[in-house]
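If you want the building blocks of each chain, they are given just below.
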Amino acid sequence: MTCRRLVLPVLCLLLAVLGTAGQAQAVGYRYWSFWDRNSTADTWVYATQGPSTARPSDGDVQGFRFSVSEDSKDSAKPRGAADFATICAKTPAREGAKRVGLVLDFGTAADAPSGSTPPRPRTACARVDEDATTADALAAVAKPLRYDTNALLCAIAGYPGTGCGEPVSGDRPRISASPGTEAESKSGDGNGSGDGGPSVGLLAGIAAVATLGAAAIWQARRRRG
């Protein structure tokens, strides 16, 4: 049967909304995200290149954050100070070389693979050749690094010991993307229900569609009467 009659389109829409409830807990991925520091705006910007092709300039600051996220839009940013003068204060300039400030944020306990404890966030100043990539700078100060066969960065300073970009089910606490905050799971906080159920917004949408359905039925009966 197709949704062609007066009431059926609304009921079909209701079923479609209900169907999205099972997708509310989307799958995320556990990985190292790569960021550029906009010194003018004093903000982090998701990098448009990978660390193996990006070539920072002397005085640049770049960051890495280990977290679970669905995509770059909700990826958590590196936390902590990101001032080049502070990070590289003890690394003098040298002719023929450049200095790159790196912020390394190993994430929260909620981000960590099972059985792993994330190291504390730290900064490092890499002094490398003028044509060096970000990957070269990272290798100079944060070994051992681990990559997969597709050149995806899997581990910095040996963390995590296993895994690389693996999917993570949605029944886990949401990770705050705000610098300087820890992940928390609070009932009724934000848009989530706090118990893995559908969000308040989703329930409101279902209620609205149900109301439209009831109105359509009433209108149909009135016209027949």
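Residues numbered from 1 in each chain as written. Predicted model: local features only at pLDDT ≥ 70, side-chain atom pairs only at ≥ 80, totals over all residues. Heavy atoms only, no water.

### Structural notes on the nonpolar core
What counts here: Put simply, buried Ala, Val, Leu, Ile, Met, Phe, Trp, Tyr and Cys residues joined by side-chain atoms within 4.5 Å make one nonpolar core. Partly exposed residues are those whose accessible area sits between 20% and 50% of the maximum for their type, while under 20% is buried and over 50% is exposed, using a 1.4 Å probe and protein chains only. The helix count covers DSSP runs of H or I at least four residues long, the strand count covers runs of E at least two residues long, and both are numbered beginning at the N terminus. Note on contacts: a residue pair qualifies if any of its non-hydrogen atoms lie within 4.5 Å across the two residues.
Among the nonpolar cores identified, the biggest contains 20 residues, and Trp32, Phe64, Leu102, Leu104, Leu138 and Ile156 are the most heavily contacted of them. Residue assignment for this core shows that the elements contributing at least two residues are β1 (28-38), β3 (61-69), β4 (97-105), β5 (122-129) and α3 (134-141). Leu102 has contacts with Gln62, Phe64, Ile87, Arg122, Thr123, Ala124, Ala126, Ala137, Leu138 and Val141, leaving out every residue within four places of it along the chain. Grouped together as the second largest cluster of nonpolar side chains are nine residues, Trp35, Ala82, Phe84 and Cys88 included.

### Some points on the side chain of Asp111
Applicable threshold: Here a polar contact means two N or O atoms within 3.5 Å. Within protein one must be a hydrogen donor candidate and the other an acceptor candidate, and residues neighboring in sequence count only if both atoms are side-chain atoms.
Along the polypeptide, Asp111 turns up in the loop between β4 and β5. Among the polar contacts made by the side chain of Asp111, one reaches the main-chain amide nitrogen of Val68 at a distance of 3.2 Å.

### Quick look at the confidence of the model for the protein chain
For the record, the criterion: How sure the predictor is of each residue is captured by pLDDT, a score from 0 to 100.
Confidence along the protein chain averages 77 in pLDDT terms, with 64% of residues attaining 70 or more. The low-confidence segment residues 173-214, where pLDDT is below 50, has 56 contacts with residues more than four positions distant or belonging to other chains.

### Considerations on the state of the cysteines
Quick reminder of the rule: Any cysteine sulfur atom paired with another within 2.5 Å is treated as part of a disulfide.
For the structure on display, the rule yields two disulfides. Note on cysteine connectivity: Cys88 is disulfide-linked to Cys125, with sulfurs 2.0 Å apart. Residues Cys88 and Cys125 share a disulfide whose torsion about the S-S bond is about 100°; that sign makes it right-handed. In this pair, Cys88 sits in the loop between α2 (84-87) and β4 while Cys125 sits in strand β5, placing the two residues 37 residues apart along the sequence.

### So, the pattern of salt bridges
Applicable threshold: We define a salt bridge as a side-chain nitrogen of Lys or Arg found within 4 Å of a carboxyl oxygen belonging to Asp or Glu.
Summed over the entire model, instances satisfying the criterion amount to five salt bridges. A salt bridge links Arg65 to Asp105; the shortest N-O distance between them is 3.6 Å. Of this pair, Arg65 sits in strand β3 while Asp105 sits in strand β4, and the two are 40 residues apart along the sequence. The buried category is assigned to Asp105, whose relative accessible area is 0%. In this structure, the salt-bridge partner of Arg65 is Asp111, at a minimum N-O distance of 3.7 Å. Of the two residues, Arg65 sits in strand β3 while Asp111 sits in the loop between β4 and β5, which places them 46 residues apart along the sequence. The exposure class of Asp111 is buried, given its relative accessible area of 0%. Through salt bridges with shared partners, one network takes in Arg65, Arg79, Asp105 and Asp111.

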